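Residue-level listing of the chains:
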Amino acid sequence: MARPAAVPPEEKVRIVLSILAGEMTVPEAARRAKVSEQSIGNWKRQFLESGRAGLASGKSGPSSREQQLEAQVADLTQALGEAAVELRVWKKSAEGRLGPSKTLR
């Protein structure tokens with residue numbers, strides 16, 4: 001038996017929202033979309049876990065780009081912390097040699 005054509009993400013969103021709103025049941029949605037009830041259940045789970053992006057990509061969880069950006073944020077946060085510590089050390093060192101600074105907090 002031939003595999004049915006893929007359902008576009010916009011249609012999946014419409015179907016899931018209709019089910020969540022109580023406008024139709026899962027079996028009714030499956031019949032109308034010509035897919036299995038399990039497929040509808042998967043779409044609903046993906047939507048609830050990841051929203052529209054989860055249905056468009058067919059998977060849940062952060063994308064590789066999101067993971068890359070999260071790693072970059074972590075690296076920059078660490079670098080900022082290290083720079084702040086260095087600045088404090090330099091200020092204390094300068095204060096010891098030049099006397100108290102008016103800009104120190």
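All figures in this text were calculated on a predicted structure; none of them were measured in a lab.

1. Considering the overall build of the chain
Across its full length, the chain holds four helices and zero strands. Tracing the chain from N to C terminus, the helices and strands come up as α-α-α-α. Scored against the burial criterion, the 105 residues of the chain give a buried share of 18%. The long-range share in the chain, meaning contacts at least 24 apart out of those at least 6 apart in sequence, stands at 39%. Of the roughly 8300 Å² of accessible surface on the chain, 56% is carried by carbon and sulfur atoms.

2. Details of the environment of Gln38
Within the secondary structure, Gln38 is located in helix H3 (residues 37–57). Among the residues examined, Gln38 registers a relative accessible area of 60% and is labelled exposed. C-alpha of Gln38 to C-alpha of Pro27: the two residues are 11 residues apart in sequence and 9.5 Å apart in space.

3. Comments concerning the nonpolar core
Counting residues in hydrophobic clusters, the biggest one holds 13 residues, and the most contacted among them are Ile15, Ile19, Ala29, Val35, Ile40 and Trp43. With four residues, the top contributor of residues to this core is helix H1 (residues 9–20). Beyond its immediate sequence surroundings of up to four residues, Ile19 is in contact with Met24, Thr25, Val26, Ala29 and Ile40.

4. Quick notes on a nonpolar patch on the surface
Nonpolar side chains collect at one region of the surface, where Val85, Leu87, Val89 and Trp90 lie side by side and expose about 410 Å² of accessible area between them. Its place among the elements puts Val85 in helix H4 (residues 64–98). Among the residues examined, Val85 registers a relative accessible area of 45% and is labelled partly exposed.

5. Observations regarding the confidence of the model for the chain
Regions with low pLDDT should not have their predicted coordinates read in detail. For the chain, mean pLDDT is 84; residues scoring 70 or higher make up 79% of the total. Looking over the chain, one finds the lowest element-wise mean pLDDT in H3, namely 82, and the highest in helix H2 (residues 26–33), namely 94.

6. A look at the pattern of salt bridges
The tally for this structure, following the rule as stated, stands at three salt bridges. Ionic pairing is found between Arg14 and Glu11, a salt bridge with its closest N-O pair at 2.5 Å. Placement of both Arg14 and Glu11 in helix H1 is noted, with a separation of three residues, approximately one turn of the helix. The partly exposed category is assigned to Arg14, whose relative accessible area is 42%. On the basis of relative accessibility, which here comes to 30%, the residue Glu11 falls in the partly exposed class. Of the charged contacts, one joins Arg45 and Glu49 as a salt bridge, the two residues approaching to 3.4 Å between their closest N and O atoms. On the criterion of helical spacing, the pair formed by Arg45 and Glu49 is a turn pair, its members being four residues apart in helix H3. Its relative accessible area of 38% is what places Arg45 among the partly exposed residues.

Rules used in this analysis
- Residues numbered from 1 in each chain as written.
- Predicted model: local features only at pLDDT ≥ 70, side-chain atom pairs only at ≥ 80, totals over all residues.
- Heavy atoms only, no water.
- Helix = DSSP H or I, 4+ residues; strand = E, 2+ residues; numbered from the N terminus.
- Buried < 20%, exposed > 50% of the residue type's maximum accessible area, 1.4 Å probe, protein only.
- Contact = heavy atoms within 4.5 Å.
- Areas by Shrake-Rupley, 256 points an atom, 1.4 Å probe, with all protein chains shown as cover.
- Core = buried A, V, L, I, M, F, W, Y, C linked by side-chain atoms within 4.5 Å.
- Patch = residues over 30% accessible without salt bridge, like charges linked within 9 Å, V, L, I, M, F, W, Y side chains within 5 Å.
- Salt bridge = Lys/Arg side-chain N within 4 Å of Asp/Glu carboxyl O.
- pLDDT = per-residue confidence, 0-100.

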